[in-house]
Amino acid sequence: MPRFAANLSMMYPEHDFPDRFAAASADGFTAVEYLFPYAYDSAELRRRLDDHGLRQVLFNAPPGAWESGERGIAALPGREAELRSGIARALEYAAALDCPRLHVMAGLVAPGVTPKELAEHRDTYLANLEWAAERAAGSEVDILVEPINGRDMPGYFLSGQAEAHAVVREVGAPNLKVQLDLYHCQIVEGDLTTTLRRDLPTGRVGHLQIAGVPDRHEPDSGELDIRHLFDVVDDLGFDGWIGCEYIPRAGTSEGLGWLTDYRGDSA
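Each value, and the rule that gives it
- Chains are numbered independently. Their residues run from 1 in the order of the written sequence.
- Owing to the predicted nature of the model, reporting of local features is limited to residues with pLDDT of at least 70; listing and counting of side-chain atom pairs is limited to 80 or more, with chain, interface and lining totals taken over all residues.
- In computing side-chain properties, one takes all heavy atoms of the structure into account and sets aside hydrogens as well as water.
- Two rings belonging to Phe, Tyr or Trp (six-membered ring only in the last case) form a pair when the distance between their centres is within 6.5 Å. Interplanar angles under 30 degrees mark stacking, angles over 60 mark edge-to-face geometry, and anything in between is tilted.
- Here a strand is any run of E in DSSP of at least two residues, a helix any run of H or I of at least four, and the numbering for each starts at the N terminus.
- Note on exposure labels: buried denotes an accessible area under 20% of the residue type's maximum, exposed denotes more than 50%, and partly exposed covers the range between, all computed with a 1.4 Å probe on protein chains only.
- Placement of a charge over a ring requires the Lys NZ or Arg CZ to be within 6 Å of the ring centre, with the centre-to-atom vector within 35 degrees of the ring normal.
- It is the directions from the helix axis to the C-beta atoms whose arc is reported.
- Here a residue-residue contact requires only that any non-hydrogen atoms of the pair lie within 4.5 Å.
- Only buried residues count toward a nonpolar core, which is a set of Ala, Val, Leu, Ile, Met, Phe, Trp, Tyr and Cys residues joined through side-chain atoms within 4.5 Å.
- A cavity here means a set of 1 Å grid points, computed over protein atoms only, where a 1.4 Å probe fits but cannot escape. A pocket is an open set with protein on both sides within 12 Å along at least 5 of 7 lines, and lining residues have an atom within 4 Å of a point.
- Grid points are joined across faces, edges and corners, and a volume is the space filled by probe spheres set on the points.

Draft legend 1. The arrangement of the packing of aromatic side chains in detail. This model, assessed by the stated rule, comprises 15 aromatic pairs. Geometrically, the ring pair formed by Phe17 and Tyr34 is edge-to-face, given 5.3 Å between the ring centres and 80° between the ring planes. With Phe17 in helix α1 (residues 17-26) and Tyr34 in the loop between β2 (31-33) and α2 (42-51), this residue pair connects regions lying 17 residues apart in the sequence. For the residue pair Phe17 and Tyr34, the accessibility class agrees, reading buried in each case. An aromatic cluster is built from Phe4, Phe230, Tyr246, Trp258 and Tyr262, whose rings are joined through pairwise contacts. A cation sits over an aromatic face here: Arg71 above Trp66, 3.6 Å from the ring centre.

The structure is reproduced here in structure tokens:
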């Protein structure tokens, strides 16, 4: 049966962030993910996890100037030193939180980029990912790359599943994997059942995420047959986590009927 992690950056907005751990645990979650831990002391986050019986399964490496609109720097030439410093900081948090996965965001590419410039972005991306994966291997941490749709994040360097898997294969590090967000994938290319059946057996997918399409609310809202997709994931024997990275339509706990129903039917 698929395992679900609450995304505390999006879920439980009715609580202050430190109180979201308790809320997720009270709703039956045993794992959490979120965007960034760096505004909090790692010891405080560790205590929240331990107090509520939770595992940290994913967070993002520092993305550059997030408040100014940056969305990662791994594919940005000239930012290599900052990228390496950020990976080192992320791995310190990963060790403190016993977190086995780090998502490294690629960054935004300016409109009208030339083929030569695009190639430079890709070369930078590959070199940075190779360095990050090598550094993380000693900590037994997986580095993840995630294709993100251009409607929500215009100009993001990586948007397609095939390109993400090509990057992983080209770097060739066993701890570099793809973060497959079914919300982004549906918007960009659809065909989710075929994508899952094609890519999960490769071992290159290290994490899944879900949300309803098109509005990014509960996963059972909108156009996805989420119960079917969960069954496909189950049939394929995926033993990772599915992050619930969605914006609750109303109260978070009140919107968890999809999860209660699925767990009940699968028991």
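Draft legend 2. Quick peek at α2. Buried residues of α2: Leu45, Arg48 and Leu49, and no others. End-on view of α2: buried residues confined to an arc of 100°, all on one side of the axis. The inward-facing, buried residues of α2 contact α1, β2, β3 (55-60) and α3 (80-97). Just downstream of α2, Gly53 is the residue with a positive phi angle, here 65°.

Draft legend 3. Molecular detail of the nonpolar core. Within the largest apolar cluster, 83 residues are counted, with the highest numbers of intra-cluster contacts made by Phe4, Phe29, Phe59 and Tyr125. Ignoring sequence-local partners within four residues, the contact set of Tyr125 consists of Ala74, Ala75, Ala106, Val145, Phe157, Leu158 and Val167. If you look at the next biggest cluster of nonpolar residues, it comprises 6 residues, including Ala5, Ala31, Val57 and Leu144.

Draft legend 4. Spatial organisation of the environment of Thr193. Following the sequence through the fold, Thr193 ends up in helix α7 (residues 192-199). Given the relative accessible area of 18%, Thr193 is considered buried. Measuring from C-alpha to C-alpha, the distance between Thr193 and Leu229 comes to 6.7 Å, with 36 residues separating the pair along the chain.

Draft legend 5. Focus on the layout of surface pockets. Here the largest pocket is characterised by a volume of approximately 240 Å³. Taken together, 19 residues make up the lining of the largest pocket; nearest its centre are Leu35, Trp66, Met153, Arg216 and Glu245. The volume enclosed by the second largest pocket comes to roughly 200 Å³.

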